[in-house]
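# Structural characterization, general
Listed here are the chains, written in short residue letters.
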Amino acid sequence: MLKILHTPEGKKFLTAVAIVFIVAVTVISKVTFQGVEDQYDLPMSQWSVGMYFIQGAWAAIYSVMFTIIGSLPFGFYFLGPKDDRG
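### A look at the packing of helix α2 (residues 8–40) against helix α3 (residues 49–79)
- At their nearest, the axes of α2 and α3 sit 7 Å apart, and the two run at 150° to each other. Taken together, the axes of α2 and α3 are roughly antiparallel relative to one another. Seen from above, α2 lies across α3 with right-handed handedness.
- Looking at the contact of α2 with α3 residue by residue, the classes come out as 18 nonpolar, 10 polar and two charged.

Structure (structure tokens):
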């Protein structure tokens, strides 16, 4: 598998995965932290350290999962078999 990732197509795939991860972290973090502020009417200045930790953990878990799911089409496109059948 590592040999595949060192090819030009593998590097394109890794670039696509990094972009998907950055987008996922940005969107999920915004939604997670803003959602708590809106839902409970609690500004972030009043949050405890534990609240930051828990929301950060949820954002990390969801970001990784959305990255895995969002990277699947890029994996098929960049790393799939190359033939002339379309």
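### A short note on the side chain of E37
- Secondary-structure assignment places E37 in helix α2.
- Buried charged residue E37 carries no salt bridge. Nearest counter-charge: K30, at 7.0 Å.
- Residues contacting E37, with those up to four places away along its chain left out, are L42, P43, M44 and W47.

The rules behind each value
Residues numbered from 1 in each chain as written. Predicted model: local features only at pLDDT ≥ 70, side-chain atom pairs only at ≥ 80, totals over all residues. Heavy atoms only, no water. Axes fitted to C-alpha atoms, helices over the stretch in contact; angles between N-to-C directions. Helix = DSSP H or I, 4+ residues; strand = E, 2+ residues; numbered from the N terminus. Parallel < 35°, antiparallel > 145°, perpendicular 65-115°, else oblique. Left-handed = near helix turned anticlockwise from the far one by under 90°. Nonpolar A, V, L, I, M, F, W, Y, C, P; charged D, E, K, R; others polar. Buried < 20%, exposed > 50% of the residue type's maximum accessible area, 1.4 Å probe, protein only. Lys, Arg positive; Asp, Glu negative; His and termini not counted. Salt bridge = Lys/Arg side-chain N within 4 Å of Asp/Glu carboxyl O. Contact = heavy atoms within 4.5 Å.

All quantities given are derived from atomic positions and should not be read as evidence of function.
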